[in-house]
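What follows is each chain in one-letter form.
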Amino acid sequence: MASYLKRPYPRFDIYAILRYYSGFGRCDDDFVDRLSRHYSVLIFSIFVLIVSSVQFVGKPISCFTPASFTDAHIIYADFVCWISDTYFVSIDAEIPEIDHTETRQGSHIIRFYQYVPFILMLQTFGFFFPGYCWRNGSTRFGISLQKHLDQLRMSRRSFAESPIYRRQLIRNVATRLDQYFRRHPRKQFAKLTVFYILIKFIYLINILIQLISLHCLMNFNFDIKQLLERFLIYSDTIRHASVQFPTNVLCDFIVRFLGKNKHRHTVQCVLPINVFNEKIFIFSYLWLILLFICTVYNLFVQWILFLVFSRNIIDTRRRVRRKLSKFSMDEHQNDENVEIYEYQYVTKPFSERYLQCDGIVILRLINMNTDLVTMNDLMDDLWELYKIDPL
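This structure is a prediction, so every number in the text was calculated from the model and none was measured. (Residues numbered from 1 in each chain as written. Predicted model: local features only at pLDDT ≥ 70, side-chain atom pairs only at ≥ 80, totals over all residues. Heavy atoms only, no water.)

Caption draft 1: Here's a closer look at the overall build of the protein. The secondary structure content of the protein amounts to 15 helices and 5 strands. Buried residues in the protein amount to 44% of all 391 residues. In the protein, once contacts between residues fewer than 6 apart in sequence are set aside, the share between residues at least 24 apart is 76%. Taken as a whole, the protein presents about 22,600 Å² of accessible surface, with 61% of it coming from carbon and sulfur. (Helix = DSSP H or I, 4+ residues; strand = E, 2+ residues; numbered from the N terminus. Buried < 20%, exposed > 50% of the residue type's maximum accessible area, 1.4 Å probe, protein only. Contact = heavy atoms within 4.5 Å. Areas by Shrake-Rupley, 256 points an atom, 1.4 Å probe, with all protein chains shown as cover.)

This is the structure we're talking about:
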């Protein structure tokens, strides 16, 4: 977006604006977060386009009407049955009498297919919202992580430039991070870390709510084999027997004439849109199960346990170990005890007082989204800046 605003001439670029606000061009989180806020948003947006095109451009319903119906009657029957609640009766069962409305409709009434685009848009917003909060909330803590990543990525792609130019780009990022680390007092509440963990909990709650909603509203059975068969295999038997997504339904409506004359009709309708709805919601159900497993593992194992057991400090010490060991070998080539003592003595304040918890999270996110060489150069520059004024 910054490059968009810095153009020398005004240009209305819809793609650049949507790309900025949707966050598709950002990489300031980990891969599991991007599964939700990037890939899930993209997948469900495609589903919205497919279903909306069938509903508003194609013909979502077609009813089998009596021969006495004119073209106007047929169009009326299609529209009435589309906006009304249809119900499903098995092909092998007899249709009950008209007077027994509760028996005819029972629990097999179909109410949701008119609102499928809105359901999918609500699911899309559920995946978009946490990423939007992280994108806008992280900048309020004084760190623009995406700008730093963009500059590090630029240094990685500057093959035609001199090595000095590349190192200067990395040095600029290290300088700004050094200012951020020194600006925060010691033992301050790790606001950025808590905020990032909270965003991950919002991702998890969103997935859990959608998974439970689909399981209850669509009456899905937690049988992966059966769901895969319904998703991959074309079967007339499965489709007609499907209570959730039937393609052959019945519709009752009344045609009024002058006076008190009312004619009640029951017609059989075909819902071709349910062919798409069945595949879409089964895929959504399986996709949500996969996202739930990945998000739980990522949140509790890769982040919470990582922070609780101080794995971050160990990883940070490993980053600077090679440089420290080189200095120690030059001064104490025959004294290994001094080398180990110097290593532990210097890196502990660097991790606990200089970086702190927020700095560990920032560097880990940078490490996830850049290459090893660039990350090592960045850590070398941070170490040089820290040695000027150790904490």
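So that's the structure; there's more coming.
Caption draft 2: Examining the environment of Tyr 285 more closely. By secondary structure assignment, the location of Tyr 285 is in helix α12 (residues 273-308). Remark: the alpha-carbon pair of Tyr 285 and Leu 214, spanning 71 residues in sequence, is separated by 6.9 Å.

Caption draft 3: Here's a closer look at the pairing of strand β5 (residues 262-270). As paired strands, strand β1 (residues 62-64) and β5 are joined by 3 bridges and run antiparallel to one another. Bridge pairing in β5 links Cys 63 to Cys 269. Pairing analysis gives 9 bridges linking strand β4 (residues 248-256) to β5, with the strands arranged antiparallel. When the bridges of β5 are listed, Val 255 appears paired with His 263. (Pairing = 2+ DSSP bridges.)

Caption draft 4: Up close: helix α7 (residues 145-157). With 13 residues, α7 ought to run about 18 Å at 1.5 Å a step, and its terminal C-alpha atoms sit 19 Å apart, in line with that. Among the residues of α7, Leu 145, Gln 146, His 148, Leu 149, Gln 151, Leu 152 and Ser 155 are the ones counted as buried. (Expected span 1.5 Å × (residues − 1).)

Caption draft 5: A look at the nonpolar core. Membership of the largest hydrophobic core comes to 40 residues, with the highest contact counts inside it found for Cys 81, Leu 120, Phe 253 and Cys 269. Setting aside its immediate chain neighbours within four residues, Leu 120 contacts Phe 44, Phe 47, Val 48, Val 51, Ile 280 and Phe 281. (Core = buried A, V, L, I, M, F, W, Y, C linked by side-chain atoms within 4.5 Å.)

Caption draft 6: The arrangement of the pattern of salt bridges in detail. Scanning the model with the defined rule gives 13 salt bridges in all. Between Asp 377 and Arg 167 there is a salt bridge, and its shortest N-O distance comes to 4.0 Å. With a gap of 210 residues between them, Asp 377 in helix α15 (residues 372-388) and Arg 167 in helix α8 (residues 163-183) connect regions that are remote in the sequence. Look at Asp 377 and you get buried, because its relative accessible area is 15%. Look at Arg 167 and you get partly exposed, because its relative accessible area is 30%. In this structure, the salt-bridge partner of Asp 381 is Arg 171, at a minimum N-O distance of 3.6 Å. Of the two residues, Asp 381 is situated in helix α15 and Arg 171 in helix α8; the sequence distance between them amounts to 210 residues. Overall, Arg 171 belongs to the partly exposed group, its relative accessible area being 28%. Several salt bridges converge on common partners, so that one network encompasses Arg 166, Arg 167, Arg 171, Asp 377 and Asp 381. (Salt bridge = Lys/Arg side-chain N within 4 Å of Asp/Glu carboxyl O.)

Caption draft 7: Looking closely at the packing of aromatic side chains. Tallying each qualifying case throughout the model produces 23 aromatic pairs. Seen from their ring centres, Phe 44 and Phe 127 are 5.5 Å apart, and the 25° between their planes marks the pair as stacked. In this pair, Phe 44 is assigned in helix α3 (residues 31-56) and Phe 127 in helix α6 (residues 116-137), connecting sequence segments 83 residues apart. Relative to Phe 253, the ring of Tyr 76 lies with its centre 6.2 Å away and its plane at 75°, an arrangement referred to as edge-to-face. With a gap of 177 residues between them, Tyr 76 in helix α4 (residues 71-83) and Phe 253 in strand β4 connect regions that are remote in the sequence. Judged by its relative accessible area of 41%, Tyr 76 falls in the partly exposed class. With a relative accessible area of 5%, Phe 253 lands in the buried category. Counting every residue linked through ring pairs, the aromatic cluster contains Trp 134, Phe 141, Phe 195, Tyr 196, Trp 303 and Phe 306. (Phe/Tyr/Trp six-rings, centres within 6.5 Å; stacked < 30°, edge-to-face > 60°.)

Caption draft 8: Layout of the packing of α8 against α15. Where α8 meets α15, the closest approach of the two axes is 9 Å, and the angle between their N-to-C directions is 50°. Considering the angle they form, α8 stands oblique to α15. The interaxial crossing formed by α8 with α15 has right-handed handedness. Packed against α8, whose contacting residues are Arg 166, Arg 167, Ile 170, Arg 171, Val 173, Ala 174, Thr 175, Leu 177, Asp 178, Phe 181 and Arg 182, the element α15 presents Val 373, Thr 374, Asp 377, Leu 378, Asp 381, Leu 382, Glu 384, Leu 385 and Tyr 386 at the interface. The residue inventory of the contact of α8 with α15, partitioned by class, reads 10 nonpolar, 2 polar and 8 charged. (Axes fitted to C-alpha atoms, helices over the stretch in contact; angles between N-to-C directions. Parallel < 35°, antiparallel > 145°, perpendicular 65-115°, else oblique. Left-handed = near helix turned anticlockwise from the far one by under 90°. Nonpolar A, V, L, I, M, F, W, Y, C, P; charged D, E, K, R; others polar.)

Caption draft 9: A look at α12. Its 36 residues give α12 an end-to-end C-alpha distance of 50 Å, which sits within 8% of 52 Å, the value for a rise of 1.5 Å per residue. Taken as a whole, α12 carries its principal kink of about 30° at Asn 298. (Bend = angle between axes of the 7 residues up to and from the residue.)

Caption draft 10: Structural context of the state of the cysteines. The tally for this structure, following the rule as stated, stands at 2 disulfides. Note that Cys 63 is cross-linked by a disulfide to Cys 269, the S-S spacing being 2.1 Å. Handedness of the Cys 63-Cys 269 disulfide follows from its S-S torsion of about 95°: it is right-handed. Of this pair, Cys 63 sits in strand β1 while Cys 269 sits in strand β5, and the two are 206 residues apart along the sequence. For Cys 63, a relative accessible area of 9% gives the class buried. In this model Cys 81 forms its disulfide with Cys 251; the gap between the sulfur atoms is 2.2 Å. Classification of the bridge connecting Cys 81 and Cys 251 rests on its S-S torsion, roughly -100°, and on that basis the disulfide is left-handed. Placement of the pair is Cys 81 in helix α4 and Cys 251 in strand β4, with a sequence separation of 170 residues. Residue Cys 81 shares its accessibility class with Cys 251, and that shared class is buried. (Disulfide = S-S within 2.5 Å.)

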